[in-house]
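# Survey of secondary and tertiary structure
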Amino acid sequence: MKKIAALYTCFNRKEKTLASLSSLDDARKNTDHDFNLDIYLTDDGSTDGTSEAVKKEFPNVNIMYGDGNLFWAEGMRTSWKKAMEKDYDGYLLLNDDVEIYANVFNQLFSAHSYCKNTFGKSGIYIGPTEDKETGKLTYSGSLVLSKLLYTQKRLPPNGTFQKCDLSNANIMLVSKSTVEKIGILSEGYAHGMADYDYTLTANKHKIPVLVTPEYCGHCANDHKDKYEDFAEKTFAERKKILYSPTGLAFDSYLSYMRKFFPFRYPVVAFFGWFKLYFPKLYANYFRR
């Protein structure tokens, strides 16, 4: 790969966004690989001066703007579509709170070579992340253990290339041939699950999705438990959480289940409403 587009979206995380961009810049300078790297960032209506700070410290970054309603998936789609106005060999999806390790390009490009040599085609390459303080795995590819129960096993790096069924896109390099075959992130997801959808779609089309042998960065799993006080909220508050893109994103989750796990769809649809009307029963008897 000689030309790479790095894709970001951000919202009011100025310091984390700058730290991520700085780590990407350092990794680019410290790799032995010779390639061009362009960066595309969609600022989805930040009010903390993120885009202004990025312009000052990283003037070569291509910045697009949202109105606060793009969220992660549509923000990433915006960056990706802008990048596709040019011709790239790969598209590197990065979360704005990931700090990238110096080995990231060696790991991802090695995955690309391994994929072509082993499977005779290019694919998608996942850089797993760890918690900076604990060293525990935070994001990576996963194996689906049961389609009916929707149970998964997240894959920590083990020194080898591992195939996975679905993955987070905190660090994800997508080859040009993959985009030519399945496009970019699917529409219909405002925030989460678009990365799961994309990697599951790739697997349906026999496109390998590989986890790199080593950690490629650190990223805290700081998502709040949405059920922590769900039962104590009013009906209107619970309904808002149920449908919010940054809440339980019920509509998106139903679409995702219908597309990839249709036998589980009726159960998900039922319990979506059950938890809304009977939150304490759901929390006490049905929540895993």
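Here the structure is a predicted model, which means the values were calculated and not measured.

The secondary structure content of the chain amounts to ten helices and 15 strands. Its C-alpha atoms give the chain a radius of gyration of 19 Å, near enough to 19 Å, the size a compact globule of 288 residues would have. Dimensions of the chain, computed from C-alpha atoms along their principal axes, come out at roughly 60 × 45 × 40 Å. With 288 residues in all, the chain has 51% of them scored as buried. Accessible surface for the chain amounts to roughly 13900 Å². Of this, 51% is attributable to carbon and sulfur atoms. Charged side chains in the chain number 38 positive and 35 negative. The centres of these two groups are separated by 7 Å.

Next up on the list: the pairing of strand 10 (residues 151–154). Looking along a regular strand, one sees side chains alternate from face to face of the sheet. Two elements, strand 9 (residues 141–146) and strand 10, share four bridges in a ladder whose sense is antiparallel. If you follow V144 over to strand 10, its bridge partner there is Q152. Hairpin connection of strand 9 to strand 10: four residues between the antiparallel strands, including Y150 at a positive phi of 55°.

A separate point is the packing of aromatic side chains. To describe a pair of aromatic rings, you give the distance between the ring centres and the angle between the ring planes. The final tally for this structure, using the stated rule, is 24 aromatic pairs. Their ring planes at 70° and their centres at 6.0 Å tell us that Y88 and Y91 sit as a pair that is edge-to-face. As far as the burial class goes, Y88 and Y91 line up, both buried. Here the aromatic rings of F270 and F274 are separated by 5.7 Å at their centres, their planes lie at 35°, and the arrangement is tilted. Of this pair, F270 and F274 both sit in helix 9 (residues 265–277), separated by four residues, roughly a single helical turn. Among the residues examined, F274 registers a relative accessible area of 15% and is labelled buried. Counting every residue linked through ring pairs, the aromatic cluster contains Y150, Y196, Y253, Y256, F260 and F261.

Our next topic: the sheet that holds strand 5 (residues 99–100). Sheet strands associate in pairs through backbone hydrogen bonding, adopting either a parallel or an antiparallel arrangement. The four strands lie next to each other as 5-15-7-8, forming an open sheet whose pairing is mixed. A strand with exactly one partner marks an edge of an open sheet, and here the two such strands are strand 5 and strand 8 (137–139). The pairing of strand 7 (residues 129–130) with strand 15 (residues 217–218) spans two bridges and is parallel. Looking across to strand 15, one finds that T129 is bridged to G217.

Turning next to helix 6 (residues 194–204). Structurally, the α-helix is built with 3.6 residues per turn, so residues lying three or four positions apart point the same way. A large share of helix 6 lies buried, amounting to nine of its eleven residues. One or two positions beyond helix 6, positive phi appears at K206, with a value near 65°.

This part covers the nonpolar core. Buried together is how nonpolar side chains tend to be arranged in soluble globular proteins. L7, W80, Y91, L93, Y198 and Y256 are the most contacted members of the largest nonpolar core, which has 52 residues in total. If near-sequence neighbours (up to four positions away) are discounted, W80 is found in contact with L7, Y91, L93, V174, V179, I184, L185 and Y198. Counting 34 residues, the second-largest nonpolar core is a separate cluster that includes L21, A27, I63 and C115.

On to the sheet that holds strand 3 (residues 62–65), then. On the basis of which strands lie adjacent, the open sheet formed by eight strands has the order 3-2-1-4-13-6-14-11 and mixed pairing. Strands at the two margins of the open sheet, each flanked by one partner only, are strand 3 and strand 11 (162–163). The pairing of strand 4 (residues 90–94) with strand 13 (residues 171–175) spans five bridges and is antiparallel. Pairing of L93 across the sheet is with M172, part of strand 13.

Calculation criteria
- Residues numbered from 1 in each chain as written.
- Predicted model: local features only at pLDDT ≥ 70, side-chain atom pairs only at ≥ 80, totals over all residues.
- Heavy atoms only, no water.
- Helix = DSSP H or I, 4+ residues; strand = E, 2+ residues; numbered from the N terminus.
- Rg over C-alpha atoms; globule rule 2.2 N^0.38 Å.
- Buried < 20%, exposed > 50% of the residue type's maximum accessible area, 1.4 Å probe, protein only.
- Areas by Shrake-Rupley, 256 points an atom, 1.4 Å probe, with all protein chains shown as cover.
- Lys, Arg positive; Asp, Glu negative; His and termini not counted.
- Charge placed at Lys NZ, Arg CZ, Asp CG, Glu CD.
- Pairing = 2+ DSSP bridges.
- Phe/Tyr/Trp six-rings, centres within 6.5 Å; stacked < 30°, edge-to-face > 60°.
- Core = buried A, V, L, I, M, F, W, Y, C linked by side-chain atoms within 4.5 Å.
- Contact = heavy atoms within 4.5 Å.

Read these as geometric descriptors, not functional statements.
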